[in-house]
Amino acid sequence: MSNKRNYLKQLPEKAQEIGDAATGEVEIVTSRKEAKKIADKCASDLKGSALGKGGKKIGILLEDDTTMVVRDPLRFPSGTTNCRIRIIEQTEFDGPNGVAALAMSEGKFVLREIYRHATRSWELEITRGRRESGMTPRQTVRAEVKQELGYAVKKIHPLGMIRPDSALMSAHLDVFLVELGAKGKPEPEDTEAFGEIVYLTADELSDRILDGTIRDSYTLGAFLMAQLKGLVLGRKTTTSLQ
C-alpha cells in the first residue's frame, strides 16, 4: 500500500486537507502503519466490488478524465476509525465543477426536460453543465445556455454556490440567474437526451416543485436564492405553524 500522503498529493488542494479529530473534525489518517490497520479493518466492505479481495482498499480507487473516486482512512472525534468514499471532480484543480443557470425570458423561467441516466427518469431542470478546465464560470454559463436552450445570454446575476451532496461529493457549482437575449437553435451534445423546453411563471414553477415534478436540487436552490436576493417574486404564502 502506498503512503497516504502520496495519493493525497494527487488531489486538488482543498481535498488534501487532513483535518484534526482532536478539534472535532474528521481526520484523514496519514500514518502508513495506522492507515494499513484501518484499511484491513474496512477491507470486507468492498467484497462486492471489482476492488474486492486482493484489490486496492485505500486511495484513488477509480479515475477517468472527469472524476476520481477516493477512499480515505479516517479518525473521527470519538476516536473511532473507519473508511469513507468521496467523489472528486477533475475540474476542482482550478475552480468550481460547473455552473447552474436559472434562465428567464420575457418574465418566464426557461427549463428543459432531460432523461438522466443516474435516476433512470425524465427530470425537469434548469440549465447546468460541467466547467472545462481553463474556462471561467461566466464563459461556461454562456456556452451551456446556448447549447441546451439555444439562447444568447443578455445578463448574468450571480446567486451563490450549491454543494449537491456534501456527504459524498466534494463538488460545488456556481449558480446564476440569467436574462436571455436572442433565441437561436439549441446544440445539445450527442451524449445528452433532452426533451421539450418548458416556460413557467414563478407560480407555475412553484407548483411543479410542490407536486414533485421538479426535484432537481440545483433548480430548487437557484429558485430559492433568486427569491431571497429579491430578483424573483414568488407567490405570497402564510404559515399554518404555530
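Relevant structure appears above.
A quick note: this is a predicted structure, and the numbers were derived from the prediction, not measured. (Residues numbered from 1 in each chain as written. Predicted model: local features only at pLDDT ≥ 70, side-chain atom pairs only at ≥ 80, totals over all residues. Heavy atoms only, no water.)

Caption draft 1: The arrangement of the overall build of the protein in detail. Across its full length, the protein carries five helices and eleven strands. Looking at the protein as a whole, 43% of its 242 residues qualify as buried. Taking contacts inside the protein between residues at least 6 apart in sequence as the whole, the part at least 24 apart equals 63%. Counting only carbon and sulfur atoms, one obtains 51% of the accessible surface of the protein, whose full area is about 13,700 Å². The averaged location of the 35 negative side-chain charges in the protein is 5 Å from the averaged location of its 37 positive side-chain charges. (Helix = DSSP H or I, 4+ residues; strand = E, 2+ residues; numbered from the N terminus. Buried < 20%, exposed > 50% of the residue type's maximum accessible area, 1.4 Å probe, protein only. Contact = heavy atoms within 4.5 Å. Areas by Shrake-Rupley, 256 points an atom, 1.4 Å probe, with all protein chains shown as cover. Lys, Arg positive; Asp, Glu negative; His and termini not counted. Charge placed at Lys NZ, Arg CZ, Asp CG, Glu CD.)

Caption draft 2: Structural detail: the pairing of strand β8 (residues 127-130). With burial as the criterion, only one face of β8 is covered, namely that bearing T127 and G129; the residues R128 and R130 on the opposite face remain uncovered. Bridging between strand β5 (residues 98-105) and β8 involves four bridges; their strand directions are antiparallel. Residue V99 lies in a different strand from β8, and its bridge partner there is G129. (Pairing = 2+ DSSP bridges.)

Caption draft 3: The pattern of salt bridges, seen in detail. All chains considered together, the criterion is met by 13 salt bridges. Ionic pairing is found between R128 and E125, a salt bridge with its closest N-O pair at 3.0 Å. Given the relative accessible area of 21%, R128 is considered partly exposed. In this structure, the salt-bridge partner of D216 is R128, at a minimum N-O distance of 2.9 Å. In this pair, D216 is assigned in the loop between α4 (202-210) and α5 (217-228) and R128 in strand β8, connecting sequence segments 88 residues apart. Salt bridges here are not isolated pairs; linked through shared partners, they connect R116, E125, R128 and D216. (Salt bridge = Lys/Arg side-chain N within 4 Å of Asp/Glu carboxyl O.)

Caption draft 4: The arrangement of the pairing of strand β6 (residues 108-116) in detail. Alignment of β5 against β6, held across three bridges, turns out to be antiparallel. Directly across from M104, in β6, lies its bridge partner F109. Taken together, β5 and the strand that follows it, β6, pair antiparallel across an intervening segment of two residues, in which E106 is found at a positive phi of about 50 degrees. One ladder, built from five bridges, connects β6 with strand β11 (residues 194-200); its direction is antiparallel. For I114, the partnering residue across the bridge sits in β11 and is F194. Of the pairings in the sheet, the one linking β6 to strand β7 (residues 121-125) comprises five bridges and is antiparallel in character. When the sheet's bridge partners are listed, I114 is paired in β7 with E123. From the end of β6 to the start of β7, which pair antiparallel, there are four residues, and R120 there has a positive phi angle of about 55 degrees.

Caption draft 5: Inspection of the nonpolar core at higher detail. Residues F109 and L111 are the most contacted members of the largest nonpolar core, which totals 23 residues. Contributing elements (two or more residues each) for this core: β5, β6, β9 (151-162), β10 (173-183), β11, α4 and α5. If we ignore the near neighbours within four places in the chain, the residues touching F109 are L102, A103, M104, V198, Y199, L200, T201, A202, L205, F223 and V232. Judged by nonpolar contacts, the second largest core, of 18 residues, contains Y7, A15, V70 and L74. (Core = buried A, V, L, I, M, F, W, Y, C linked by side-chain atoms within 4.5 Å.)

Caption draft 6: View of unusual backbone geometry. Unusually for a residue other than glycine, E106 sits at a positive phi of about 50 degrees. In this structure E106 comes out as exposed when scored by relative accessible area, which is 82%.

Caption draft 7: Representation of α5. In this model α5 runs 16 Å from its N-terminal to its C-terminal C-alpha over twelve residues, within 8% of the 16 Å that 1.5 Å per residue would give. Looking one or two residues beyond α5, the residue adopting positive phi is G230, at roughly 75 degrees. (Expected span 1.5 Å × (residues − 1).)

Caption draft 8: Seen up close, the packing of aromatic side chains. A complete count under the given rule lists two aromatic pairs for this structure. Ring plane angle 85 degrees and centroid distance 5.6 Å describe the contact between F109 and F223, whose orientation is recorded as edge-to-face. Taken together, the residues span a long stretch of sequence, with F109 in strand β6 and F223 in helix α5 at a distance of 114 residues. Judged on exposure class, the residue F109 and its partner F223 are both buried. Between Y115 and W122 the ring centres are 5.5 Å apart and the planes differ by 75 degrees, which places this aromatic pair in the edge-to-face class. Among the residues examined, Y115 registers a relative accessible area of 28% and is labelled partly exposed. (Phe/Tyr/Trp six-rings, centres within 6.5 Å; stacked < 30°, edge-to-face > 60°.)

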